[in-house]
Amino acid sequence: MSDTSEEPRFTPEWLELREGADAAARATESLDPLHRHLRQLAKRPAKPSKPTAELTANPPAEQPAQDAAQEAAQPSAQRPAQNAPLVIRDLGCGTGSMGRWLAPRLDGPQHWILHDKDPALLALAVAHMPAQAADGSPVTVATEQGDIAGLTAADLAGTSLVTASALLDLLTRDEVDALAAACTQAGSAALFALSVAGLVEIAPPDPLDATIAASFDAHQRRTEHGRRLLGPDAVPATEEAFARHDATVFTYTAPWRLAAAESVLTAQWLRGWVGAAREQRPDLAPRAHAYLRRRLAEAAARELRVVVPHHDLLALPRSTGETS
C-alpha cells in the first residue's frame, strides 16, 4: 500500500525537494525591469540602512550564524555610494532558495538580510548562500529571526529590494496592505515569487479532481487564529495594494510543471494537496483516501502530469518604475 501520510510544508527536506521546481518556475521575465531599476538606484547617493551584522557567505557549516558576525565591513551608509551594496531582504527565507536563485543573477555587491522564525532554517540558508554575484562581486549575508508581519518602513530603510517565495498566500489582506505600504514608503522594490493561483491541472483526469481542487483552494482561504488567509487571492490583492501606494506592478505566470522526472516531488505535493482538502472537508475523507492512493500509484508509475499555477509579482517605486 502507498504511504498516504501528509508531508509537512516547511521542513528542510520538503524545501530541498521543491527547490528545483521552484527555480524552473520563477519568471525570469521579471529580471529585466528589476535590473533596470537597480541600475538606476545605483546611480543615486546611498541612503542609511538599519545596521545589521554582516557575514561572509558561506561561513563554516559548524559555526552558528549568530557567532559568525564580523565587524570588518562598514554599514552601507558609511561607504562611498559607488561601492555601496544592494541591500536585499528575503522574508520567510526558509533554507535560502530565493537567494541561491537570485543573487547569481544580479550584478554588483549585495548584502542579503534573511528573515525567518526558525533558527535552524536560517543557519541552513546562511551556510548555502552564494559567495558571488553575477559579475563576481561579493555577496554578504546577515539574519534577523522573528515575525515578518510587523515590518515597517523604518525597518526597511536603505533596503534596495524586498523579496520572498511562497509567502503572500499565507498573509491576510491587512498584512499585505501593510507590507506594500512599508516597501513603497521605504523606496524599496519588491519581488514576490511563487504565490499559489489555484486551478491545478492533472493528467490523466480523475472524476474527483475538481472536488479536491475546490476544497484545497477553500483551505488556502481559511481563517486561522482569527486571520483570514488570502490563498489564491494573494497576488490580485497585493497588486491592488502596491498600486494604491503608487508603485508600478508587473505580474507573471510561474507554474510548476511536474512530469515523470519529478515523480517524487509530485507524490509529496499530492499528500499535502489532498491532506489540506480533507482537512477542509472531513466528509471527503473516504473518497479522498482512495483518490490519493490512485494518484500516488500513477505518480510511482511515472504516468502523472501536474501543472500547479503560481504567480510572481514585481513592484517598483513609481519614481523609477516603468509602465506595466
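A. Structural detail: the pattern of salt bridges. Tallied over the full model, the rule gives 13 salt bridges. Among the salt bridges present, the one from Arg18 reaches Asp22, with a minimum N-O distance of 2.8 Å. In this pair, Arg18 and Asp22 both sit in helix α1 (residues 12-25), four residues apart, roughly one turn of the helix. Of the two residues, Arg18 and Asp22, neither departs from the other in class, the shared state being buried. For the salt bridge of Glu175 with Arg227, the shortest nitrogen-to-oxygen distance reads 2.7 Å. One end of the pair, Glu175, is in helix α5 (residues 173-186); the other, Arg227, is in strand β9 (residues 227-228), with 52 residues separating them in the sequence. Where salt bridges share partners, they join Asp209, Arg295 and Glu298 into one cluster.

B. How the structure looks around the side chain of Gln110. Relative to the helices and strands, Gln110 resides in strand β3 (residues 110-116). Here Ala103 takes part through its backbone oxygen, which lies 3.0 Å from a polar atom of the side chain of Gln110. Here Trp112 takes part through its side chain, which lies 2.8 Å from a polar atom of the side chain of Gln110. Not counting residues within four places of it along the chain, the set of residues in contact with Gln110 comprises Pro85, Leu86, Ile88, Ala103, Ala133, Pro138, Val139 and Thr140.

C. Focus on the packing of aromatic side chains. Taken as a whole and assessed by the stated rule, the structure comprises six aromatic pairs. Between Phe250 and Tyr252 the ring centres are 6.5 Å apart and the planes differ by 10 degrees, which places this aromatic pair in the stacked class. On the basis of relative accessible area, Phe250 is assigned to the buried category, the value being 13%. Residue class for Tyr252 comes out buried when judged on its relative accessible area of 13%. Relative to Tyr291, the ring of Trp273 lies with its centre 6.5 Å away and its plane at 50 degrees, an arrangement referred to as tilted. On the criterion of sequence distance, the pair formed by Trp273 in helix α8 (residues 263-280) and Tyr291 in helix α9 (residues 285-300) is long-range, its members being 18 residues apart. Of the aromatic side chains, those joined through ring pairs into one cluster are Phe216, Trp269, Trp273 and Tyr291.

D. Spatial organisation of unusual backbone geometry. In the segment running from Ala203 into Pro204, the intervening peptide bond is cis, with an omega of 0 degrees. Within the fold, Pro204 resides in the loop between β7 (201-203) and α6 (209-220). The phi dihedral of Leu199 is positive, around 60 degrees, even though this residue is not glycine. Assignment of secondary structure puts Leu199 in the loop between β6 (189-196) and β7. Residue classification places Leu199 among the exposed positions, given a relative accessible area of 67%. Even without being glycine, His225 reaches a positive phi, approximately 55 degrees. Mapped onto the elements of the fold, His225 is located in the loop between β8 (223-224) and β9. Residue classification places His225 among the exposed positions, given a relative accessible area of 80%.

About the thresholds
- Residues numbered from 1 in each chain as written.
- Predicted model: local features only at pLDDT ≥ 70, side-chain atom pairs only at ≥ 80, totals over all residues.
- Heavy atoms only, no water.
- Salt bridge = Lys/Arg side-chain N within 4 Å of Asp/Glu carboxyl O.
- Helix = DSSP H or I, 4+ residues; strand = E, 2+ residues; numbered from the N terminus.
- Buried < 20%, exposed > 50% of the residue type's maximum accessible area, 1.4 Å probe, protein only.
- Polar contact = N/O pair within 3.5 Å; in protein donor to acceptor, adjacent residues only side chain to side chain.
- Contact = heavy atoms within 4.5 Å.
- Phe/Tyr/Trp six-rings, centres within 6.5 Å; stacked < 30°, edge-to-face > 60°.

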